[in-house]
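Here is what each chain is made of, one letter per residue.
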Amino acid sequence: MKTPFGQYSFIAFLVTLAFTSATPAQANKHSERLIQSCNELVGIYAERDKQNLLAGVTTSVSEALQAGYCMGVLDEYRRHDRCYSHDWFTQAQKIAEMSVGYSERISVNELLEFSCERS
């Protein structure tokens, strides 16, 4: 029996694949998008911890989609590559800590590899 999540994982994989094969100019934009979306994800979970699960009610559709993009990319990367990070949230925090300006010098794949290294 197939779950609807299998389809989303496949889509996330295709998006990740497209980002890793993009030209350098496009890669910069993709890296920036991943950093911003992981910032959104970390922010939503920080709010959820503060407000006792009310973040789901106060999160906009746009914010949720951005956060979902980060989570999907991390999930798909973890399925295919060894990651020393214990969970996707730790990875998201490491990526979110990167400055958007740094995205001009790093690819999505390099961001993902960095987020998986041991602390």
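Before reading on, note that the structure itself is shown above.
Once a new chain begins, its residue numbering starts again from 1 and follows that chain's sequence as written. Reporting of local features is limited, given that this is a predicted model, to residues whose pLDDT is at least 70; pairs of side-chain atoms are given and counted only at 80 or more, and all residues count toward the totals for whole chains, interfaces and linings. By convention in this description, side-chain values take in all heavy atoms of the structure and omit both hydrogens and water.

Before going further, it helps to spend a moment on the overall build of the protein chain. Each helix is a run of H or I in the DSSP string that is no shorter than four residues. Each strand is a run of E no shorter than two, and both are numbered from the N terminus. In terms of helices and strands, the protein chain carries six helices and zero strands. Across the protein chain, helices and strands are ordered from the amino to the carboxyl terminus as α-α-α-α-α-α. Out of the 119 residues belonging to the protein chain, those deemed buried represent 33%. The Shrake-Rupley method, run with a 1.4 Å probe, gives the accessible areas here. Residue values count only the displayed protein chains as cover. Accessible area of the protein chain: about 7,700 Å², with a carbon and sulfur share of 55%. Note on classification: 1.4 Å probe, protein chains only; a residue is buried when its accessible area is under 20% of the maximum for its type, exposed when over 50%, partly exposed between these limits.

A word on the packing of helix H4 (residues 61–80) against helix H5 (residues 88–96). Axis angle and axis distance: for two packed helices, these are the angle between their axes and the distance between the axes, and together they describe the pair. Between H4 and H5, the shortest axis-to-axis distance is 10 Å and the interhelical angle comes to 120°. The hand of the H4/H5 crossing is right-handed. Taken together, the residues of H5 that come into contact with H4 (itself represented by Cys70, Met71, Leu74, Tyr77 and Arg78) are Trp88, Gln91, Ala92 and Ile95. Split into classes, the residues belonging to the contact of H4 with H5 amount to seven nonpolar, one polar and one charged. Axes here mean lines fitted to C-alpha atoms, for a helix over just the part in contact, with angles spanning 0 to 180 degrees between N-to-C directions. Each crossing is labelled by how the near helix is turned from the far one, with a counterclockwise turn of less than a right angle marking it left-handed and a clockwise turn marking it right-handed. Should any heavy atoms of two residues lie within 4.5 Å, those residues are considered in contact. Any residue that is not Ala, Val, Leu, Ile, Met, Phe, Trp, Tyr, Cys, Pro, Asp, Glu, Lys or Arg is counted as polar, Gly included; the first ten are nonpolar and the last four charged.

Moving on, we get to the nonpolar core. The set of buried Ala, Val, Leu, Ile, Met, Phe, Trp, Tyr and Cys residues whose side-chain atoms join them within 4.5 Å is what this entry labels a nonpolar core. One finds Leu34, Cys38, Ala92, Ile95 and Leu112 to be the most contacted residues of the largest nonpolar core, which totals 22 residues. Once you skip the residues sitting within four places of it in the chain, Ile95 turns out to touch Leu34, Ile35, Cys38, Leu74, Leu111, Leu112 and Ser115.

Disulfide: a covalent bond connecting the sulfur atoms of a pair of cysteines. Note on terminology: disulfide denotes any pair of cysteine sulfur atoms within 2.5 Å. For the structure shown, the criterion picks out two disulfides. Paired through a disulfide, Cys38 and Cys70 show a sulfur-sulfur distance of 2.1 Å. Around the S-S axis, the bridge from Cys38 to Cys70 shows a dihedral of about 85° and counts as right-handed. Of this pair, Cys38 sits in helix H2 (residues 24–51) while Cys70 sits in helix H4, placing them 32 residues apart in sequence. Each disulfide pairs two cysteine sulfurs, and for Cys83 the partner residue is Cys116, the sulfurs being separated by 2.1 Å. As the torsion about the S-S bond is roughly -100°, the Cys83-Cys116 disulfide counts as left-handed.

A few words now on the environment of Leu74. Structurally, the position occupied by Leu74 is in helix H4. Not counting chain neighbours up to four residues away, the residues in contact with Leu74 comprise Trp88, Gln91, Ala92, Ile95 and Leu112.

Within the secondary structure layout, Glu110 lies in helix H6 (residues 108–116). Between the alpha carbons of Glu110 and Ser31 there is a distance of 9.1 Å; along the sequence they are 79 residues apart.

Purely geometric stuff here, so don't read any function into it on its own.
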